[in-house]
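# Reading the structure
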Amino acid sequence: MIVEDNPIDIFINTRVIEQSGLSSYIISQQSAREALHYLKEADHNNQPLPNLILLDLRMPDMDGFEFLDQFSNLSTTIRSACKIIMLSSSLDPIDDEQARKHPDVISFISKPLTRDKLIALMNSNTVEIAN
Amino acid sequence: MRTDFIHFFCSEKDSSDVREIREAVAVPVKQLLFDSPFEDNQVIDLGIAVLGICDDSQLLIRCSEKIRSLNPNVAVILYGEGISGYLAFRCGAVAVISRAEQSSLGLIVSEIFTTQKQAFSSLPYDKVLDLQEKNKELEKINFELDRFVYSASHDLRSPLTSVLGLLYLLREELKDENALKYVLLMEESILKLDNIIRDIVAYSRNNRTEIAAEPIRIKELVKEVTLSLRYLETSGLHLNEVIHVDDAGVFISDKIRLQVILNNLLSNSVKYRHVAKPLKISIQSVFNNGRLSLRISDNGIGINENHIGRIFDMFYRTSEHSTGSGLGLYIVKEMVKKLGGHIEVSSTINEGTSFTISIPVVHKRVLIDNLDESN
């Protein structure tokens, strides 16, 4: 699942994931609120949960860190199913540090997402992404 | 007998009769710590804090730390029996008096005020308060500026990273070689712009932020830096294969600043490499007398002696072929200066360039020795 307010970046991230062959089932949410709503609904209706969430850091209304705070309060089913990668164009070392410290975040990638970065990350983390 | 709370503050005009003040303003230590009855500015007004000794010395230490954080100029006096030198030191006390010496408290208090007055004689007391106020304001402005720089740089970079992402995708899908050439040139221009933004952020950050201290290993630092320089690599050039590092062990310094320094020097080595020979970079680190000497040498095109005296100047670019912003080496010099060190350069045309940085650091071995001593 891609959580990203910028449609161009949604397009880029979707194409990169497709090209890397990581997953062919990709959904995107244009706000953190919609993403949280989606996760809760899917959990409630016993629908499949995303294995990987690509989370943008700076978004209007609710940003990536606020999403993480809310995510921590979700059910253990959701928390154990979804691994989170944070994405940002930020150069602020505090953002990087704060993201990496979060227990649900497996990595922090500086934008743009590329196939090489994604594959390198998947090789270093044993994340299984089912289609 | 030890009492569990007595402690009191006195201000200058009241110092004539400490006993009365004690009865008037005595506040239990616990109350001061957990729900202070004082407003911040009231504590700033106080020149002297008298802390009555209680059984809980940790509580006393925290209390004096709190008072001194509210007003760094406050003179702390400990009052009571059996006060150890260690406790007085931890509390930052200027005087220790026992109950038997209570009568001399007034004398000590007036002595302290005289010394404080001498220290501030060129500045009236309200001026000091004014300066403290101004200092707080500046700290706030600095903090806001810091946020502004990161926020603005993020907003500038966002569209750039989108364009870069699209170009990377385009590169994968393009068959036409001419078009591919255009895409690569576009990529190069955008990366150049991105580097200028990074330079500006690094420069502004260096001026405003305090020096950090964390354990560092040159080998690991170089590994991180080469990862971020991967965009400079070409098909025949892999940075981790051309850089040789002599690692001298763990030391304590400012990691982010050293990262920027290495990043700028190594990217120069790559940009100004010699076309006729394979690039070689060597990084040597040596500890000597509390200083780290870091030497970064390459076998590149070298710097003309007409230019070498000015390469650390702001916006200085050696020729029209220089691709950077003219800020890179200026930032390196400023950062080394901020770390309390100095940088030297030597270069021979067509042979190579070598930069030597010397900065004061704490070497891990020294840390361990000191720990052993204190145990």
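Residues numbered from 1 in each chain as written. Chains lettered and ligands numbered in written order. Predicted model: local features only at pLDDT ≥ 70, side-chain atom pairs only at ≥ 80, totals over all residues.

## Let's talk about the overall build of chain A
In terms of helices and strands, chain A carries six helices and five strands. Helices and strands in chain A line up, N terminus first, as β-α-β-α-β-α-α-β-α-β-α. Looking at chain A as a whole, 31% of its 131 residues are labelled buried. (Helix = DSSP H or I, 4+ residues; strand = E, 2+ residues; numbered from the N terminus. Buried ≥ 20, exposed ≤ 12 C-beta atoms within 10 Å, placed from the backbone.)

## Remarks on the confidence of the model for chain A
Model confidence for chain A is summarised by a mean pLDDT of 88, while 95% of its residues fall at 70 or above. Of all helices and strands in chain A, the one with the weakest mean pLDDT is helix H6 (residues 115–124) of chain A (84), whereas strand S1 (residues 2–3) of chain A scores best (96). (pLDDT = per-residue confidence, 0-100.)

## Describing the confidence of the model for chain B
Residues and elements named next belong to chain B. When pLDDT is averaged across chain B, the result is 77; 73% of the residues are at 70 or more. Within chain B, helix H1 (residues 18–25) has the poorest average pLDDT of any element, 43, and strand S10 (residues 342–348) the best, 95. Confidence drops under pLDDT 50 across residues 9–31; counting only partners more than four residues distant or on other chains, this segment forms 41 contacts. Considering only residues more than four positions removed or in separate chains, one finds that residues 37–45, a stretch of pLDDT under 50, has twelve contacts. (Contact = placed C-beta atoms within 7 Å.)

## Some points on the pairing of strand S3 (residues 75–79) of chain B
Residues and elements named next belong to chain B. Within S3, five of the five residues are buried, which leaves it mostly tucked inside the rest of the structure. Burial along S3 is two-sided: the face carrying Ala75, Ile77 and Tyr79 and the face carrying Val76 and Leu78 are both buried. In this sheet, strand S4 (residues 93–97) lies alongside S3 in parallel orientation, the contact comprising four bridges. Opposite leucine 78, over in S4, you have valine 96 as the bridge partner. Each parallel crossover has a hand, and for S3 linked through helix H5 (residues 85–90) to S4 it is right-handed. (Pairing = 2+ DSSP bridges. Right-handed = clockwise from strand over helix to strand, strands pointing away.)

## Brief notes about the nonpolar core
Soluble, globular proteins show a tendency: their nonpolar side chains are buried together. By size, the foremost hydrophobic cluster in this structure holds 34 residues, and its most contacted members are Val222, Ile261, Leu262, Leu265, Val332, Met335 and Val336 of chain B. For this core, the secondary structure elements donating two or more residues are helix H8 (177–208), helix H9 (218–228), helix H11 (255–271), strand S8 (281–288), strand S9 (291–298), helix H13 (328–338) and strand S11 (352–360) of chain B. A total of seven residues in this core trace back to one element, the largest contributor, which is H11 of chain B. When near neighbours in sequence (up to four residues on either side) are disregarded, methionine 335 of chain B contacts Asn206, Arg257, Val260 and Ile261 of chain B. By size, the runner-up hydrophobic cluster in this structure holds 27 residues, among which are Leu39, Ile53, Phe71 and Leu87 of chain A. (Core = buried A, V, L, I, M, F, W, Y, C linked by C-beta atoms within 7 Å.)

## Focus on the packing of H8 of chain B against H13 of chain B
Residues and elements named next belong to chain B. Closest axis-to-axis distance for the H8/H13 pair is 10 Å, and the angle between their directions is 20°. Taken together, the axes of H8 and H13 lie roughly parallel to each other. Crossing of H8 against H13: the hand is left-handed. Of the residues in H13, those in contact with Asp199, Ala202, Tyr203 and Asn206 of H8 are Gly328, Ile331, Glu334, Met335 and Lys338. Its residues assigned to classes, the contact of H8 with H13 shows four nonpolar, two polar and three charged. (Axes fitted to C-alpha atoms, helices over the stretch in contact; angles between N-to-C directions. Parallel < 35°, antiparallel > 145°, perpendicular 65-115°, else oblique. Left-handed = near helix turned anticlockwise from the far one by under 90°. Nonpolar A, V, L, I, M, F, W, Y, C, P; charged D, E, K, R; others polar.)

## Comments concerning the packing of H9 of chain B against H11 of chain B
Residues and elements named next belong to chain B. For the pair H9 and H11, interaxial distance at closest approach is 10 Å and the crossing angle is 55°. By the angle between their directions, the pair H9 and H11 is classed as oblique. Note on packing geometry: the crossing formed by H9 with H11 is right-handed. Contact residues: Leu221, Val222, Glu224, Val225 and Ser228 in H9; Leu258, Gln259, Leu262, Asn263 and Leu266 in H11. Of the residues contributing to the contact of H9 with H11, the split by class is six nonpolar, three polar and one charged.

## Points about H11 of chain B
Side chains of residues three or four places apart in an α-helix project in the same direction, reflecting 3.6 residues per turn. Taking 1.5 Å of rise per residue, 17 residues should cover 24 Å, and H11 of chain B covers 24 Å from first to last C-alpha, within 8% of that figure. The buried count for H11 of chain B comes to 13 of 17 residues, which makes it a mostly enclosed element. (Expected span 1.5 Å × (residues − 1).)

## Some thoughts on H8 of chain B
Between the first and last C-alpha of H8 of chain B there are 47 Å, a value that for 32 residues agrees with the 46 Å anticipated at 1.5 Å per step. By the burial criterion, the buried members of H8 of chain B are Arg198, Val201, Ala202 and Arg205 of chain B.

## Description of unusual backbone geometry
The omega angle of the peptide bond from lysine 111 of chain A to proline 112 of chain A is 0°, so this bond is cis rather than trans. The topology assignment puts proline 112 of chain A in the loop between strand S5 (105–110) and H6. Even without a glycine there, the phi angle at asparagine 46 of chain A is positive, about 55°. Summarising the element assignment, asparagine 46 of chain A is placed in the loop between helix H2 (32–44) and strand S3 (52–56). Judged by the 8 C-beta atoms lying within 10 Å of it, asparagine 46 of chain A is exposed. Backbone geometry at asparagine 289 of chain B places phi at a positive 50°, although glycine is not the residue there.

## So, the interface of chain B and chain A
Opposite the 16 residues of chain B that make contact, chain A presents 16 residues. Those elements giving two or more residues to the side of chain B that touches chain A turn out to be helix H7 (125–173) and H8 of chain B. For the side of chain B that touches chain A, the element with the highest residue contribution is H7 of chain B, accounting for 13 residues. Residues belonging to the side of chain B that touches chain A are distributed by class as follows: seven nonpolar, six polar and three charged.

## Describing the sheet that holds S11 of chain B
Residues and elements named next belong to chain B. The mixed open sheet is built from five strands, whose spatial order is S6-S8-S9-S11-S10. Of all the strands in the sheet, the pair left with one neighbour each is strand S6 (243–246) and S10. The mean inter-strand angle of the sheet, taken between neighbouring strand axes irrespective of direction, is 15°. Of the strand pairs in this sheet, S8 and S9 are connected by eight bridges, and their pairing is antiparallel. Note on S9: the bridge partner recorded for valine 286 is serine 293. Along the sheet, H9 makes contact with S6 and S8, crossing S6 at roughly 155°.

## As for the pairing of S11 of chain B
Along a regular strand, successive side chains alternate from one face of the sheet to the other. All names here are of chain B. Bridge analysis of S9 against S11 gives seven bridges, and the strand direction is antiparallel. Across the sheet, the residue bridging to arginine 291 is proline 360, located in S11. As defined by bridge partners, S10 adjoins S11 across seven bridges and the pair is classed as antiparallel. Paired with histidine 342 across the strands is serine 358, a residue of S11.

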